[in-house]
Amino acid sequence: MAGPKLKPEELASKIKYSLPPKGWMDQPVEFKEGTFSYSGNPKNIEYMDLPNPRKWQPTDPDWKLPENWKEIILEGLKDRLHRFRSLQIFMDICVRCGACADKCHFFIGSGDPKNMPVMRAELLRAVYRNDFALAGKIFGRFAGARELTLDVVKEWFYYFYQCTQCRRCSVFCPYGIDTAEITLLVRELLSLVGVNIDWIVTPVANSFRTGNHLGIQPHGFKDSIDFAVDELESITGVRVEAPINKKGAEILFITPSADYFGSPHYYTLLGYLALFHEIGLDYTWSTYASEGGNFGSFISHDLMKSLNAKMYAEAKRLGVKWILGGECGHMWRVVHQYMNTLNGPADFLEEPVSPITGTRFENARSTKMVHICEFTADLIKNGKIRLDKGRNDNRRVTFHDSCNPARALGLIEEPRYLIRNSCNYFFEMPENTIREQTFCCGSGAGLGTDENLEMRMRGGLPRANAVKFVKEEHGVNFLGCICAIDKATLPPLMEYWVGGVEVGGVHELVGNALIMNGEKERTTDLRGEPFHIEGNWNAR
Amino acid sequence: MSVTAMLQELLIRKKSAIVDKWVKIFLGYYPAESLKFLASQKDRFANPVGYTISSSAGAIFDELIGDSESSMTEALLKDVVRIRAVQEFSPSQAVRFVFDLKGVIRNEIRKEIDWIDCRDELEVLESRIDNLALIAFDSYMESRERLFRIRIDEVKARSSEAAAENGGVQNDSHVKRNG
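Since this is a predicted model, take the numbers as computed values, not measurements. (Residues numbered from 1 in each chain as written. Chains lettered and ligands numbered in written order. Predicted model: local features only at pLDDT ≥ 70, side-chain atom pairs only at ≥ 80, totals over all residues. Heavy atoms only, no water.)

Visitor: Quick question: what am I supposed to make of the overall build of chain B here?
Guide: If you tally the helices and strands in chain B, you get seven helices and zero strands. If you list the helices and strands of chain B from N to C, you get α-α-α-α-α-α-α. Looking at chain B residue by residue over its 179 residues, the buried ones come to 50%. The contacts in chain B between residues at least 6 apart in sequence include a share of 73% that link residues at least 24 apart. (Helix = DSSP H or I, 4+ residues; strand = E, 2+ residues; numbered from the N terminus. Buried < 20%, exposed > 50% of the residue type's maximum accessible area, 1.4 Å probe, protein only. Contact = heavy atoms within 4.5 Å.)

Visitor: Would you mind showing me how to read the overall build of chain A here?
Guide: Looking only at helices and strands, chain A has 22 helices and seven strands in total. Here chain A has a C-alpha radius of gyration of 25 Å; the compact-globule value for 540 residues is 24 Å, and the two agree. The principal-axis extents of the C-alpha atoms in chain A amount to approximately 80 × 60 × 45 Å. Within the span of chain A, comprising 540 residues, buried residues form 64% of the whole. For chain A, long-range pairs separated by at least 24 residues make up 77% of all intrachain contacts whose partners lie at least 6 apart in sequence. For chain A, the centre of its 63 positive side-chain charges and the centre of its 67 negative side-chain charges are spaced 4 Å apart. (Rg over C-alpha atoms; globule rule 2.2 N^0.38 Å. Lys, Arg positive; Asp, Glu negative; His and termini not counted. Charge placed at Lys NZ, Arg CZ, Asp CG, Glu CD.)

Visitor: Hey, could you run me through the pattern of salt bridges in this one?
Guide: When the charged atoms of two side chains lie near each other, side chains of opposite charge can form a pair. This model, assessed by the stated rule, comprises 55 salt bridges over all chains. Notably, a salt bridge pairs Arg365 of chain A with Glu351 of chain A, separated by 2.8 Å at the nearest N-O pair. On the criterion of sequence distance, the pair formed by Arg365 of chain A in the loop between helix 16 (330-343) and strand 4 (369-371) and Glu351 of chain A in the loop between helix 16 and strand 4 is long-range, its members being 14 residues apart. Two residues, Arg96 of chain B and Asp100 of chain B, come together in a salt bridge whose shortest N-O distance is 3.3 Å. Of this pair, Arg96 of chain B and Asp100 of chain B both sit in helix 5 (residues 91-108), four residues apart, which is roughly one turn of that helix. Asp100 of chain B shares its class with Arg96 of chain B; the two are buried. Ionic contacts of the salt-bridge type, sharing partners, join the residues Asp401, Glu413, Arg416, Arg420, Glu428, Glu431 and Arg435 of chain A into one network. (Salt bridge = Lys/Arg side-chain N within 4 Å of Asp/Glu carboxyl O.)

Visitor: Explain the sheet that holds strand 5 (residues 397-399) of chain A to me, please; I cannot follow it from the model alone.
Guide: For sheets, the rule is that strands pair by backbone hydrogen bonds, running either parallel or antiparallel. All names here are of chain A. Spatially, the three strands line up as an open sheet ordered 5-6-7, and their pairing is parallel. Unpaired on one side and paired on the other, strand 5 and strand 7 (502-505) mark the two borders of the sheet. Direction aside, neighbouring strands of the sheet carry axes that sit 30° apart on average. Pairing of strand 5 with strand 6 (residues 478-481), which is carried by three bridges, proceeds in the parallel orientation. Note on strand 6: the bridge partner recorded for Phe399 is Gly480. Contacting strand 6 and strand 7, helix 21 (residues 484-497) runs over the sheet at an angle of about 165° to strand 7. (Pairing = 2+ DSSP bridges. Axes fitted to C-alpha atoms, helices over the stretch in contact; angles between N-to-C directions.)

Visitor: Any chance you could explain the environment of Gly480 of chain A here in plain terms?
Guide: Residue and element names in this part refer to chain A. One can find Gly480 in strand 6. Residue Gly480 is classed as buried on the basis of its relative accessible area of 0%. Between the alpha carbons of Gly480 and His507 there is a distance of 9.3 Å; along the sequence they are 27 residues apart. Once residues within four sequence positions are removed from consideration, Gly480 is found in contact with Thr398, Phe399, His400 and Gly504.

Visitor: Explanation requested: the interface of chain B and chain A in the structure shown.
Guide: Interfaces are frequently sized by the accessible area removed from exposure as the parts join. In this assembly, 48 residues from chain B lie in contact with 62 residues from chain A. Taken together, both faces of the contact between chain B and chain A bury some 5,100 Å²; the carbon and sulfur share is 55%. Put simply, chain B and chain A have seven salt bridges between them. Between Arg158 of chain B and Asp450 of chain A there is a salt bridge, with the nearest N and O atoms lying 2.2 Å from each other. Within the residue set of the side of chain B that touches chain A, elements represented by two or more residues are helix 2 (32-40), helix 3 (48-65), helix 4 (72-84), helix 5 and helix 7 (119-167) of chain B. With 14 residues, helix 7 of chain B is the largest single contributor of residues to the side of chain B that touches chain A. For the side of chain B that touches chain A, the per-class residue count stands at 17 nonpolar, twelve polar and 19 charged. (Buried area = accessible area lost by both parts, 1.4 Å probe. Nonpolar A, V, L, I, M, F, W, Y, C, P; charged D, E, K, R; others polar.)

Visitor: Is there a simple way to explain the environment of Lys55 of chain A in this structure?
Guide: Residue and element names in this part refer to chain A. Its place among the elements puts Lys55 in the loop between helix 2 (42-47) and helix 3 (69-83). Separated by 14 residues in the primary sequence, Lys55 and Asn41 place their C-alpha atoms 7.4 Å from one another. When sequence neighbours within four positions are dropped, the list of residues in contact with Lys55 reads Pro42 and Lys64.

Visitor: Would you take a moment to explain the packing of helix 3 of chain A against helix 10 (residues 179-192) of chain A for this structure?
Guide: A packed helix pair is summarised by two numbers, namely the angle formed by the two axes and the spacing between the axes. Residue and element names in this part refer to chain A. Where helix 3 meets helix 10, the axes come as close as 9 Å, and the angle between the chain directions of the two elements is 140°. In this view, helix 3 runs oblique relative to helix 10, as classed from their interaxial angle. The hand of the helix 3/helix 10 crossing is right-handed. Contact residues: Ile72, Ile73, Gly76, Leu77 and Arg80 in helix 3; Leu185, Glu188, Leu189 and Leu192 in helix 10. Class assignment of the residues belonging to the contact of helix 3 with helix 10 gives a composition of six nonpolar, one polar and two charged. (Parallel < 35°, antiparallel > 145°, perpendicular 65-115°, else oblique. Left-handed = near helix turned anticlockwise from the far one by under 90°.)

Visitor: What should I look at first to understand the packing of aromatic side chains in this one?
Guide: All names here are of chain A. Here the structure, examined in full by the defined rule, presents 33 aromatic pairs over all chains. Pairing Phe31 with Phe157 gives two aromatic rings, centres 6.1 Å apart and planes at 50°, and the pair type is tilted. Highlighted residues: Phe31 in the loop between helix 1 (8-13) and helix 2 and Phe157 in helix 8 (residues 150-160), separated in sequence by 126 residues. This pair shows no difference in class: Phe31 is buried, exactly as Phe157 is. With a centroid separation of 5.0 Å and 75° between ring planes, the pair formed by Phe253 and Tyr272 is classed as edge-to-face. Highlighted residues: Phe253 in strand 1 (residues 251-254) and Tyr272 in helix 14 (residues 265-279), separated in sequence by 19 residues. Like Phe253, the residue Tyr272 is buried in the burial classification. Following the ring pairs from residue to residue traces out a cluster consisting of Phe31, Phe36, Tyr38, Trp56, Trp63, Phe157, Tyr158, Tyr159 and Tyr161. Sitting over the ring of Phe172, Lys103 keeps its end group 4.8 Å from the ring centre. (Phe/Tyr/Trp six-rings, centres within 6.5 Å; stacked < 30°, edge-to-face > 60°. Lys NZ or Arg CZ within 6 Å of the ring centre and 35° of its normal.)

Visitor: Please explain empty space enclosed by the protein as it appears in this structure.
Guide: It is the rolling of a water-molecule-sized probe over the atoms that shows where space remains empty. All names here are of chain A. Inspection of the entire model under this criterion finds seven cavities of 30 Å³ or more. What the largest cavity holds in volume is close to 190 Å³. Considering the residues around the largest cavity, the lining is formed by 19 residues, among which Thr164, His330, Asn404, Gly444 and Ala445 are closest to the centre. When residues of the lining of the largest cavity are traced back to their parent elements, those giving at least two are helix 16, helix 18 (403-408) and helix 21. (1 Å grid on protein atoms, 1.4 Å probe; cavity = no way out; pocket = protein on both sides within 12 Å on 5 of 7 lines; lining within 4 Å. Points joined across faces, edges and corners; volume = space filled by probe spheres on them.)

Visitor: So what exactly am I meant to see when it comes to the domain arrangement of chain A here?
Guide: Residue and element names in this part refer to chain A. Taken as a whole, chain A is organised into domain 1 (24-196) and domain 2 (203-539). When each unit is reduced to the centre of its C-alpha atoms, the spacing between domain 1 and domain 2 is 32 Å. If you look at the interface, domain 1 gives 37 residues, while domain 2 gives 38 residues. For the pair domain 1 and domain 2, the two sides together bury roughly 3,200 Å², of which 60% comes from carbon and sulfur. Counting the surface domain 1 buries against domain 2, the share from its top three residues, Met48, Arg167 and Arg168, is 17%. Summed over the shared surface of domain 1 and domain 2, the number is three salt bridges. Between Arg333 and Asp178 there is a salt bridge, and its shortest N-O distance comes to 3.8 Å. Looking at the side of domain 1 that touches domain 2, the elements with two or more residues in it are helix 2, helix 5 (105-110), helix 9 (168-172) and helix 10. Looking at the side of domain 1 that touches domain 2 residue by residue, the classes come out as 17 nonpolar, eleven polar and nine charged. (Domains from an automatic or database assignment.)

This is the structure in structure tokens:
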């Protein structure tokens, strides 16, 4: 026997829980199941003509990078520093004031210091200093410089895929450093050597081929919409029309594919269909612009441009006047911040004017694309639709500001206006967790995979914590939001942290409350649930 | 069996020191660079991890040394363990904080133990802490099982989505998918 036997408490006392006393540059990443996403399918990498398609996983010791991987990344960085003045400024301007440090939901939920936005950016900045800044070249580590090694590449992959590009940190940065841009550019650099995740690459390839993430072809798309029309009729007794690829329609409607294939998104789709019918909107769906989401925007400017192009292309082909956009998150960041220069100017379209109210959406003059919350709020403001708030009395609602509409588009009051006009019971979460300070769902920017679930729960903790508070204070049982990724990933987040809170879109609530001409006597909402629940909080 | 009056009185007097040290040890498991934030940010929405442990520790301690049996401790422990169960900890690390309380209490009342001759009562108290550890272990497993169940549901949803995509079949139970 080697050594004396130790009692359990003596053994336990020998376990050290603190991190090894090494600097942050010397702590290589350990890939633990549940905290990272699987690599991109080589078939789809090849399909998109992206570099280095091969089978590999982050847990493999050898990532099978090209021989000259270092040269490729450094050349890529040099090129981007030249092309994007913003990147050069973000690299040089940060004074490490720490304002962003405690604002990231992943840092708050994990306590991992490399999730402080300043620290995450430092992972790139250190390499920038080493190879592109004079002080770093001369003084090396003393000037915060660090050589690009394989361990650094792995660390980049781990931490830049722990950023949801939500931009909460940017709200607090006195210089306005946009961390989402930094994350996008590092992911672009990683992509140059074939380091991607499948949850992004496969939807991108599908979107490129068929227009939407699921690879649904035109006949499948039509089946889905037809099915929804039938279902809406069985609920309301009203048969609506849902024109597809209708040339000469006034408006093209584009929304996330999840709206016609996912749950609980689907109830929002029913809401759109009911609303458009009720106001007699001359609009059309497109089988190719059948996706609002743009996963290309998570990893590359070029892919973002390629996937975004279909919006204007379809608007032109169908000969519409302007575009109406559904409840989507990052679509609105792409539309509002990039589309006009990526694929515009869309001078073949007109400045959007509501055909129902005559309201001119001057704010959309450049992109020619209007958010549906703004469009519907204008309908309500002008008294063009009738709403029975009592039809949402089974819901005690709170609203999660989806990151991109709130911070990239500034769409903050409109969804609240819709909820207040559709529901009797609406309760705000605490001020520092909503509006422009909203906490991310923790699963955006491609991170919503099942294999990454543990990390998603960490990142979603601050949001869930605020929902739990309003549930306990006000009996909230419904979390409204206007983003398809939210609708997919907030339900599991609620299930883990809160319990008893359903998730759904704002236009689901509007659809529930909407009084339709010729409707049958209604007793249930769009989910088929009774308007009033006996014995619930509202009945007290 | 409750803790005797004399030990109870002593522990009430020492509560603040004991709870503070316990929380400090708890937060000490996180990286040093994050410690300041976790310990000093008092806003419960800006710092849910720090707030949950700081606000729960005192209440758990009160119930531990009190006479009443209540389920509040269980709920508070669950809140703490649910956080630890998805963070960068092994199972033993995740629940170890409960056992830490024994050491903290013994250290704090070391001098008084002989003086008031309360070794037997301390054993009672420590077996109550062991019970807390069992509750924490149950909570940890419940959290992990919930996590796995959620993951299975997501995988199942994706399979039916793939079936729908390949066969063009519309499924009544609509599937989950990012948009």
